[in-house]
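Chains, contacts and geometry: an overview
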Amino acid sequence: MEEQRTTVPETAKQVREIPPRWDWVEPLVWTDKMLAALEKGVKGGKWFSLIDKVYYLPNLESAWKQVAANRGSAGIDNVSIKHYRRHAEQRLNRSSELLKQDKYQPAGVKRVWIDKPGSKEQRPLGIPTVTDRVVQTALRNVIEPIFEQDFCEYSYGFRPHRSCKDALRRVDGLLKQGSKYVVDADIKGYFDSIPQDKLMQLIEEKIADSRVLALLRQYLSQKVIDTAASWTPEAGTPQGAVISPILANIYLNPLDWMMLDKGYAMTRYADDFIVMCETREEAENALELIRIWTQGVGLTLHPTKTKIINADEEIFEFLGYKFKQGMKFPTDKSIMKFRDNIRKQTRRSNGKSMEQIIAKLKPIQRGWFEYFKHCHRHTFPDQDRWTRRRLRSILKKYEKRKGIATIHNDNIRYPNRIFDSYGFFSLVRAHRELCQSLK
């Protein structure tokens, strides 16, 4: 029981030797002794006395720094990051005391609606208060390593040292090995439909601190407040909550291990996952296994979006990439999102100089290229042309000439070298340089 009841020392070590797999943990919480217990395994497999680590003031201070770095909007209390910062010390002390006395009450979650990239539809987004985001981050700092220890290696979403690119590399490798039948599974409304009682049962397998469990239940039952109404969700994880990604991973972790134990090559990023198979029969068996499992845990596969694809003959999409007969392209939605971001910076009446506009575009273009740089070379010319056309239209506006830029006349009037002189980031040039560096 000694490992289970380890308390946080007054001054946790800042400089120490940490195994590489745990270099991301909060050192103010996860001391050497606690990490050793994590590696060794605690008695009974459950962790006790964790709430003191949640309300430990240095942990809350570290959580506040993380929340501030992520920025974000104000919640229903209208307290922004800027306003919170003015009295951060008092607010953090207050949160610590309330948690210590079991008097902390999460506020409601403000619901806003944002545009879906490449669509006229909107999707809901939940915004917790800054205070709730800080406490949730402190809570995540405490519980995440406990569950990370047992997560499957082929789960990549919202996990330390893992990314979309790791998942895509695995998919690409399996395709090259001959796994051409793809089970493209879609869980209908996953984050909104997770049965909360079953989720808490999984959490209770690892955590026995009743006060931490009560805090998690409070977050699961947070009110959602829209402009016209408010309600308490009976299922799902709180939208926009800092802890939602880890809770979502906890719920799908048994599926990861079941598929691995059955010999299926599943790759998952949050609720987005595919299974790669060498034969259609194998793919059909995998899909049936997934269907039975999801029904058993209160989830539903989307009837039209879930399908089996022959990658040699059909296109499938995963994490923004479109796989087509051994080649990779951005999905239409990925292109639309990129263009929407470019469009915001290239309005003809924005009043900025061309140098300022191109400086704003560069991080957008560079970031998009870094993610899609392994796509087919035909991906990039169209995006460069489209962006330059937007810039040429701005130059026409500067000269008080009417209309948007045309392909022929204005390309001659405003050649590419004009934009290059201001530091234009060309996707084509970046891809060519990448290919040359790999030779």
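First things first, this report covers the structure right here in the doc. (Residues numbered from 1 in each chain as written. Predicted model: local features only at pLDDT ≥ 70, side-chain atom pairs only at ≥ 80, totals over all residues. Heavy atoms only, no water.)

In this section: the pattern of salt bridges. Taken as a whole and judged by the stated rule, the model has 21 salt bridges. Between Asp256 and Arg268 there is a salt bridge; the shortest N-O distance is 2.7 Å. Of this pair, Asp256 sits in helix α11 (residues 244-261) while Arg268 sits in strand β6 (residues 265-269), and the two are twelve residues apart along the sequence. On the basis of relative accessibility, which here comes to 4%, the residue Asp256 falls in the buried class. The class of Arg268 is buried, set by a relative accessible area of 1%. Across the pair Asp332 and Lys322 runs a salt bridge, and its minimum N-O distance is 3.7 Å. Separated by ten residues along the polypeptide, Asp332 in helix α13 (residues 332-345) and Lys322 in strand β10 (residues 321-324) bring together distant segments of the chain. For Asp332, a relative accessible area of 53% corresponds to the exposed category. (Salt bridge = Lys/Arg side-chain N within 4 Å of Asp/Glu carboxyl O. Helix = DSSP H or I, 4+ residues; strand = E, 2+ residues; numbered from the N terminus. Buried < 20%, exposed > 50% of the residue type's maximum accessible area, 1.4 Å probe, protein only.)

Before going further, it helps to spend a moment on the sheet that holds strand β11 (residues 327-330). Pairing is antiparallel in the open sheet, where three strands are placed in the order β9-β10-β11. Two strands lie at the open edges of the sheet, namely β9 (315-318) and β11, each paired on one side alone. Taking each pair of neighbouring strands and ignoring which way they run, the sheet shows an average axis angle of 30 degrees. Inspection of the sheet shows β9 paired to β10 by four bridges, in the antiparallel sense. (Pairing = 2+ DSSP bridges. Axes fitted to C-alpha atoms, helices over the stretch in contact; angles between N-to-C directions.)

This part is about the side chain of Lys328. Assignment of secondary structure puts Lys328 in strand β11. Classification of Lys328 by relative accessible area gives buried; the value is 17%. Among the polar contacts made by the side chain of Lys328, one reaches the side chain of Asp172 at a distance of 3.5 Å. If we ignore the near neighbours within four places in the chain, the residues touching Lys328 are Asp172, Tyr321, Lys322, Phe323, His374, Cys375, His376 and Thr379. (Polar contact = N/O pair within 3.5 Å; in protein donor to acceptor, adjacent residues only side chain to side chain. Contact = heavy atoms within 4.5 Å.)

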